[in-house]
Amino acid sequence: MDTFLFTSESVNEGHPDKLCDQISDAVLDACLEQDPESKVACEACCKGDLVMVFGEISCKGGSVNYERIVRETCREIGFVSEAMGLDSDNCKVLVNIEPQSPDIARGVHGHFSKKPEEIGAGDQGHMFGYATDETEELMPLTHVLATKLSARLTQVRKNGTCAWLGPDGKTQVTVEYRNENGAMIPLRVHTVVISTQHEESVKLDQLAAELMQEVVMPVIPQKYLDDNTIFHFNPAGSFVVGGPRGDAGLTGRKIIIDTYGGWGAHGGGAFSGKDPSKVDRSGAYIVRQAAKSVVAAGLARRCIVQVSYAIGVPEPLSVFVDSYGTGAVADAEILQIVKEAFDFRPGMIAISLDLKRGGNKRFQKTAANGHFGRNDPDFTWEIVKLLKSPQKMSTTNGSQQQLFSTTKTKTTSMQIHPGSSNSKIVHRRFSAQAFPHTSFSAGVLQSLAWKAGWSLVAVSLP
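Residues numbered from 1 in each chain as written. Predicted model: local features only at pLDDT ≥ 70, side-chain atom pairs only at ≥ 80, totals over all residues. Heavy atoms only, no water.

Caption draft 1: Geometry of the pattern of salt bridges. Following the criterion strictly, the structure yields 29 salt bridges and no others. Residue lysine 158 pairs with glutamate 13 through a salt bridge whose shortest N-O separation is 2.8 Å. Placement of the pair is lysine 158 in helix H4 (residues 141–158) and glutamate 13 in the loop between strand S1 (4–11) and helix H1 (16–34), with a sequence separation of 145 residues. The partner of arginine 188 in a salt bridge is aspartate 226, and the shortest N-O contact between them spans 2.6 Å. Placement of the pair is arginine 188 in strand S9 (residues 183–198) and aspartate 226 in the loop between helix H5 (204–219) and strand S10 (230–233), with a sequence separation of 38 residues. Residue classification places aspartate 226 among the partly exposed residues on the basis of a relative accessible area of 33%. (Salt bridge = Lys/Arg side-chain N within 4 Å of Asp/Glu carboxyl O. Helix = DSSP H or I, 4+ residues; strand = E, 2+ residues; numbered from the N terminus. Buried < 20%, exposed > 50% of the residue type's maximum accessible area, 1.4 Å probe, protein only.)

In structure tokens, the structure reads:
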């Protein structure tokens, strides 16, 4: 059996780059809460006892207190002393903010005069969305595990379980996979790496033991671990000096961690500190929803969607779909379904995903632990959209076209609609025992329905 190794990494909320991402998105939240039409392009950088916020912001309704936002964000993360890497109350904060360029304002939104469907892209670029059926989040397992490990480090630090931890840290997970006709089948975790900031008094053997018990074991399912799994805990030795004291930070330098951990593709644009007129963010969000909806519907086990834009132009220049050979129908048909289901114009994306709503850390939450695969109602782009069947299901009595959906109940059944005219909805049951080498999921059932010539209405799983 041919297998391969793939690796993804993540960083804690106290990593200097992630600190800057969270500051940028905290500023975005404050601006959108005050003025939902705010145009925000906010960057941050940090080193030592200095944090700087700079960029272009047009926000009505009064002054935003940028310095207060910086200090509050640093404090919440845990940078409360020089020993932690930054003192939120005594660090220097520099602010250099100017209004949005009048040339960009005129070309993109007509100085706020254009209708939503007329608003152009805030810049040129291309964005990718990706989904895979290897996890319940429809995300790559390497990325999911690395991200959950870093989130767990923060959790046990803040709840006192491992109070000796510092805010800064990094994780990395290598998984052994099998390629099954384009679908990714994770077999086992090959290597786990954790490098975390800690108090000087903590010895490395204590650190390793507690990281294994309190971080690794609660996160990584036992089925993926074996006697050959390799663990590296602080392989370089002590990690006392962290945060901005140890390394400089900058907004937008963790774009692979923010997305799919190296899987799929990336157009290069960062997310944090950008309002929805910036398609680097909104475009990436809508194609994630598109790719996830395709996989959730069983149209493919794995899918990537690309969209591209020209500055000031509402309509995308191109939309591309690739199912990596896992499609239940041709990629051309999936593309047509996607283009009919999703409006890729920036102004319409902002409405459909409610991206003008800030405040309550709505966007700040995205700036640590990944933008995708999160079970949070604020992550509206993670909501699976119902997709129309490529088969023409209209009947002589005018019955409506069938839609895909996925729900979970206590029974295992599939509600399907036969393709003949004037037919009634019927039920079919499939036994997991009939597919001993198949991951028995909603996606698999949906694929079976397609191949059998049925149009899926709903899937229910135990």
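Right, picking up where we left off after that structure.
Caption draft 2: Structural detail: the packing of aromatic side chains. In this structure the tally under the stated criterion is 13 aromatic pairs. Taking 5.1 Å as the distance between ring centres and 65 degrees as the angle between the ring planes, the aromatic pair formed by tyrosine 177 and tryptophan 263 counts as edge-to-face. With tyrosine 177 in strand S8 (residues 165–180) and tryptophan 263 in the loop between helix H7 (255–258) and helix H8 (279–296), this residue pair connects regions lying 86 residues apart in the sequence. Overall, the relative accessible area of 0% leaves tyrosine 177 in the buried class. Here tryptophan 263 falls in the buried class, since its relative accessible area comes to 6%. Ring centres 6.2 Å apart and planes at 35 degrees place the aromatic pair phenylalanine 342 and phenylalanine 344 in the tilted group. With relative accessibility at 4%, the residue phenylalanine 342 sits in the buried group. Phenylalanine 344 sits in the buried class, given a relative accessible area of 5%. Pairwise contacts between aromatic rings join Tyr130, Tyr260, Phe271, Tyr285, Tyr324, Phe372, Phe379 and Trp381 into one cluster. The aromatic ring of phenylalanine 112 is capped on one face by lysine 60, whose charged end is 4.8 Å from the ring centroid. The ring of phenylalanine 342 carries lysine 385 above its face, with NZ or CZ at 4.9 Å from the centroid. (Phe/Tyr/Trp six-rings, centres within 6.5 Å; stacked < 30°, edge-to-face > 60°. Lys NZ or Arg CZ within 6 Å of the ring centre and 35° of its normal.)

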